[in-house]
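Survey of secondary and tertiary structure
One letter stands for each residue in the lines below.
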Amino acid sequence: MYSSVPQNAQPIRVMLVDDQRLVRGGLSMLVNSQPDLQVVMEADDGLAAIDVFDRMVSEGQAPQVILMDVRMPHCDGLEAARRILERDTQREVSEDERVRIIMLTTFDIDEYVYSAVRAGASGFLLKDTPPEQLLEAIRTVHRGDAVIAPSATRRLLEQMIPVLDSPDPAAPVTESVVPAAESVQATPPAAGPEIPKATFIPADSTSFEPVADYPHRELIEQLSPREFEVLGLIARGLSNAEITRELVLSEATVKTHVSHVLAKLGARDRVQAVIMAYEAGIAQ
């Protein structure tokens, strides 16, 4: 049931972290019902999750996606996610082998949402998420995108906007939300038809002039003019297909630009790039 992928696809290795055995058992049955997903390990708290991850890395079988509970004894899921992702950045592996973490919780609390994204998690879902959406979320984060529960999307954006240090008023946040199984790239508010390129001048511009400092300046100024434009469109919530139409480029070219943007910014996925764009005032 729920499967919509080829039967011969290489299974995505999934790790479950939750202090409730019954929850882990239910998730395991659901995940293993899919031919392209496989539960390879479980842990019952954050410290155990870190130890298990280290052991699996040493054995060459690190999980590719971790479903992590937020509230657990000894070490909560947010701290465990932060430590695991720090370890993951030290590994020399392909993007397909990078670990992605989806935070799961019963509690729809603002602090959890923002802390999860800040920790580097690729997703934040409630435990009452429909099974088919949870399964699709695993595939989505494995592809390098991110998912956020619809109920949390607007509040996350409202927390991001106040960090902007820009004299220009922010554009109103859109009222719409997307299903949890869709990439977070579809959720940020629109920033209007014009990308505020005056926010900075790319480092390779022939007319570079110093401007006032802003968050992530050194990283953002590594972007080419086209990559900066792509970042602005990502922050506006456009998918690769929509960016293709906007810039009249091939989808392969857009994917290359997106990959370069993420690499130069040191962002794990699009949601991290969107946050950096908001903090730098590129998206408003």
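Being a predicted model, the structure only gives us computed values, none of them experimental.

Right, let's get into unusual backbone geometry. The general pattern is negative phi for most residues beyond glycine and trans for most peptide bonds. For His 74, which is not glycine, the phi torsion reads 70° and is therefore positive. The phi dihedral of Val 248 is positive, around 55°, even though this residue is not glycine. Relative to the assigned elements, Val 248 resides in the loop between helix H9 (240-247) and helix H10 (251-265).

What follows is about the layout of surface pockets. Considering only enclosed or pocket space, the largest pocket measures out at about 850 Å³ in volume. The wall of the largest pocket is formed by 34 residues, among which Arg 100, Gly 144, Leu 262, Ala 267 and Arg 268 lie closest to the centre. Broken down by secondary-structure element, the contributors of at least two residues to the lining of the largest pocket are helix H3 (77-89), helix H4 (110-119), H10 and helix H11 (270-280). Looking at the lining of the largest pocket, the element that brings in the most residues is H10, giving seven residues. Of the residues contributing to the lining of the largest pocket, the split by class is nine nonpolar, 11 polar and 14 charged.

This paragraph deals with the packing of helix H8 (residues 225-235) against H9. Contact geometry for H8 and H9: axes closest at 10 Å, N-to-C directions at 130°. Looking at the two axes, H8 sits oblique to H9. Viewed along their axes, H8 and H9 form a crossing whose handedness is right-handed. Where H8 abuts H9, its residues Arg 226, Glu 229, Val 230, Leu 233 and Ile 234 lie against Ile 243, Glu 246 and Leu 247. Partitioned by chemical class, the residues of the contact of H8 with H9 number five nonpolar, no polar and three charged.

So, about the confidence of the model for the protein chain. The pLDDT averaged across the protein chain works out to 77; a share of 72% of its residues lies at or above 70. Here helix H6 (residues 150-160) stands out as the least confident element of the protein chain, with mean pLDDT 58; strand E1 (residues 12-17) is the most confident, with 97. Predicted confidence is poor over residues 162-211, with pLDDT under 50, and the contacts of this stretch with residues over four places away or in other chains come to 115 contacts.

Conventions used here
Residues numbered from 1 in each chain as written. Predicted model: local features only at pLDDT ≥ 70, side-chain atom pairs only at ≥ 80, totals over all residues. Heavy atoms only, no water. Helix = DSSP H or I, 4+ residues; strand = E, 2+ residues; numbered from the N terminus. 1 Å grid on protein atoms, 1.4 Å probe; cavity = no way out; pocket = protein on both sides within 12 Å on 5 of 7 lines; lining within 4 Å. Points joined across faces, edges and corners; volume = space filled by probe spheres on them. Nonpolar A, V, L, I, M, F, W, Y, C, P; charged D, E, K, R; others polar. Axes fitted to C-alpha atoms, helices over the stretch in contact; angles between N-to-C directions. Parallel < 35°, antiparallel > 145°, perpendicular 65-115°, else oblique. Left-handed = near helix turned anticlockwise from the far one by under 90°. Contact = heavy atoms within 4.5 Å. pLDDT = per-residue confidence, 0-100.

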